[in-house]
Amino acid sequence: DGIGPEKLSSMPKAYPKASYHASSTEMVLFCGFPGCGKSTFFHRFFAPFAYQHVNRDTLKTPEKCIAAATAALAQKKSVVIDNTNPSPDDRAKYIAIAKKAQVPVRCFVFLHDAALANHMNILRARLGITARVSSIAYNMFKSKFQAPTTDEGFSEVVSISPVADFHGLPADAQRMFYQLS
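Notes on the structure follow. (Residues numbered from 1 in each chain as written. Predicted model: local features only at pLDDT ≥ 70, side-chain atom pairs only at ≥ 80, totals over all residues. Heavy atoms only, no water.)

Comments concerning the packing of aromatic side chains
Tallied over the entire structure, the rule returns 21 aromatic pairs. Between Phe 30 and Phe 110, the aromatic rings sit 5.1 Å apart at their centres with planes inclined by 70°, giving edge-to-face as the arrangement. Taken together, the residues Phe 30 in strand β1 (residues 27-31) and Phe 110 in strand β4 (residues 105-110) connect sequence positions 80 residues apart. Exposure class is identical for Phe 30 and Phe 110. Each is buried. Following the ring pairs from residue to residue traces out a cluster consisting of Tyr 15, Tyr 20, Phe 30, Phe 41, Phe 45, Phe 46, Tyr 51, Phe 108 and Phe 110. (Phe/Tyr/Trp six-rings, centres within 6.5 Å; stacked < 30°, edge-to-face > 60°. Helix = DSSP H or I, 4+ residues; strand = E, 2+ residues; numbered from the N terminus. Buried < 20%, exposed > 50% of the residue type's maximum accessible area, 1.4 Å probe, protein only.)

Considering the nonpolar core
Counting residues in each nonpolar core, the largest one holds 40 residues, and the members touching the most others are Met 27, Phe 30, Phe 41, Phe 46 and Phe 108. Ignoring anything within four residues of it in the chain, the contact list for Phe 108 reads Tyr 20, Val 28, Leu 29, Phe 30, Cys 31, Phe 41, Phe 46, Val 158 and Ile 160. Formed by 11 residues, the second largest nonpolar core is a distinct cluster that contains Met 11, Leu 116, Leu 127 and Ala 164. (Core = buried A, V, L, I, M, F, W, Y, C linked by side-chain atoms within 4.5 Å. Contact = heavy atoms within 4.5 Å.)

A few points about the sheet that holds strand β2 (residues 52-54)
Ordered in space as β2-β3-β1-β4-β5, the five strands form an open sheet in which the pairing is parallel. Bordering the open sheet on either side are β2 and β5 (156-160), each of which pairs with just one other strand. Direction aside, the axes of adjacent strands within the sheet are offset by 20° on average. Looking at chain direction, β1 and strand β3 (residues 79-81) are connected through three bridges and run parallel. Bridging across to β3, Met 27 finds its partner in Val 79. Each of β1, β3 and β4 touches helix α5 (residues 88-100); the most contacted strand, β1, lies at about 170° to it. (Pairing = 2+ DSSP bridges. Axes fitted to C-alpha atoms, helices over the stretch in contact; angles between N-to-C directions.)

As structure tokens, then:
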């Protein structure tokens, strides 16, 4: 399952015109490979609507993520859990917090495969956006991944297809994206 020029060039150039945020307090949980654009998606579609950003890359521990999500919902603020969340066990802790706060929780599943996510990972490292994530993280995600379903307690599971959208990225991003590593 590799990545080739035809795969990159056939990707849509923009996300569908949609309103991803809700009008009332909620939790949104992201699920997807490292480097697949979850944080960029958050900053583009949720940050402008004052969603709180809970991310293990910045908070460092699962306990701090749980505490931040709990605090946001206690203040009646919507929150996005921007972690890989590959398994029902990983997601259950957050679903329980949302249920306790009596707010709905939706799951956004990023449909990038490992090859594309790693390609994007390499690109953001080359652009100096963030350090490259090791292949161990990709193997771990792949081994733990179970597709989310509403049976877990989500009010909705939203599929996010990959796009080649360079909005807000450095000028070299588009040229570098289409270069194969």
